[in-house]
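This is what each chain is made of:
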Amino acid sequence: MSRVIGTRLRKQAGYKIPALAPARSHPSRYLELRERIQIADLLQLGQSIRTIAAQLGRSPSTVSRELRRHRDATGRYLPRTAQHDAEVQRSRPKPPRLVADPRLRLLVQRKLNRCWSPDEISGWLRKSFPDDLTMRVCPETIYRALLLREDHGLHKRFALKLRTGRRIRKTRWTSRFKQGSRIRNMTMIDQRPAEHSSKLLAGNWEGDLLVGVGSVSAMVTLRERKTQYGIVVNLPVDHTAASVNAAVVAAFAPLPRHLKRSLTWDQGVEMSSHEALTAATGVPIYFPERSSPWQRGANENFNGLVDWSPEVGHLI
């Protein structure tokens, strides 16, 4: 360390020797060895799980999970062995799931090569290997292996097999309103009434604008959340705010009033005239957080599956 840096640090500390940091204690949500020994003793006395949990001051589910995870093949619970196994499981960093298991990685790659989605792969593994817990992987693990820059076991070429074809995962924006936004007076999705948030009543729609390669083509997609009915509106000229408003007005025109309760749309610039759209249709418009497509899940799935077939809905 240079003398300048040392002097600066001494001034920041008020020319006092800082106190030693206290020893790091175990997080309270983890069981300690003392508690595991107590669990074993109480089991020997024939106490129930709820009684053991009450004496430890823990939730019964905590004790139940502990016994389910750390009993051996004969059903015995050994506290010191359980403590060692828990410490090994908590150790970081861990090898990624698809790096440590070549067999699982091969199956995932085969399904990705057939353009299966991570959710479909995860469900297929649970169904095909119901008794083999080593052949389980959640969809997020597959997405992370494909879209993060670190090596998590899958080659990046398989990312092209996803519906979006995206090769990286974009960082989510941390603010609702970014400087220069063209949308004013937005009503956010967390202010949406309960009747518009639930799927008990029909008439709550989600919408989006899809733009083709080179912005030479565009269409508006609408998806009703309860019935999953979809509408696709072609925009042959342009995809300005006025054109999008006219397309949505035309799509909603033949619908009865009870099927036009609300519309949720992302924060695209095509909604810069959303107040005029609400005035023309009488449908309130709500906006999700930036870069939060899961808040409009029905429409996002519809965009990935739309294939211009009659079963999707109808094309205007």
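Residues numbered from 1 in each chain as written. Predicted model: local features only at pLDDT ≥ 70, side-chain atom pairs only at ≥ 80, totals over all residues. Heavy atoms only, no water.

Summarising the element assignment, Trp-265 is placed in strand β4 (residues 262-265). Along the primary structure Trp-265 and Pro-293 are separated by 28 residues, whereas in three dimensions their C-alpha atoms are 9.9 Å apart. A distance of 2.9 Å separates a polar atom in the side chain of Trp-265 from a polar atom in the side chain of Glu-270. (Helix = DSSP H or I, 4+ residues; strand = E, 2+ residues; numbered from the N terminus. Polar contact = N/O pair within 3.5 Å; in protein donor to acceptor, adjacent residues only side chain to side chain.)

Here we come to the packing of helix α2 (residues 33-44) against helix α4 (residues 60-70). Put simply, α2 and α4 touch, their axes get as near as 12 Å, and they point 85 degrees apart. Considering their axes alone, α2 and α4 lie roughly perpendicular with respect to each other. Contact residues: Arg-36, Ile-39 and Leu-43 in α2; Val-63, Glu-66, Leu-67 and His-70 in α4. Residue classes in the contact of α2 with α4 are distributed as four nonpolar, one polar and two charged. (Axes fitted to C-alpha atoms, helices over the stretch in contact; angles between N-to-C directions. Parallel < 35°, antiparallel > 145°, perpendicular 65-115°, else oblique. Contact = heavy atoms within 4.5 Å. Nonpolar A, V, L, I, M, F, W, Y, C, P; charged D, E, K, R; others polar.)

Of all residues except glycine, most have a negative phi; of all peptide bonds, most are trans. A cis geometry characterises the amide bond from Arg-92 onward to Pro-93, with omega recorded as 0 degrees. Locating Pro-93 in the fold gives a position in the loop between α5 (79-90) and α6 (97-100). Despite not being glycine, Cys-115 has its phi angle at roughly 65 degrees, a positive value. Turning to its location among the elements, Cys-115 is positioned in the loop between α7 (102-113) and α8 (118-128). The phi angle at Asn-185 is positive, at roughly 60 degrees, despite the residue not being glycine.

Size it by volume and the second largest pocket reaches roughly 390 Å³. Lining the second largest pocket are 14 residues, and of these Tyr-30, Arg-36, Glu-66, Arg-69 and Arg-90 sit closest to its centre. Put simply, the parts of the chain that give the lining of the second largest pocket at least two residues each are α4 and α5. Per element, the largest residue contribution to the lining of the second largest pocket is five residues, and it comes from α4. (1 Å grid on protein atoms, 1.4 Å probe; cavity = no way out; pocket = protein on both sides within 12 Å on 5 of 7 lines; lining within 4 Å. Points joined across faces, edges and corners; volume = space filled by probe spheres on them.)

The biggest cluster of nonpolar side chains holds 24 residues, and the ones touching the most others in it are Val-220, Leu-222, Leu-263 and Trp-265. Looking at this core, the elements that each hand over two or more residues are β1 (204-211), β2 (218-224), β3 (230-235), α11 (241-252) and β4. Residue contributions to this core peak at five residues, all from α11. Leu-222 has contacts with Trp-205, Glu-206, Gly-207, Tyr-229, Gly-230, Ile-231, Ala-251, Phe-252, Leu-263, Trp-265, Asn-299 and Phe-302, leaving out every residue within four places of it along the chain. (Core = buried A, V, L, I, M, F, W, Y, C linked by side-chain atoms within 4.5 Å. Buried < 20%, exposed > 50% of the residue type's maximum accessible area, 1.4 Å probe, protein only.)

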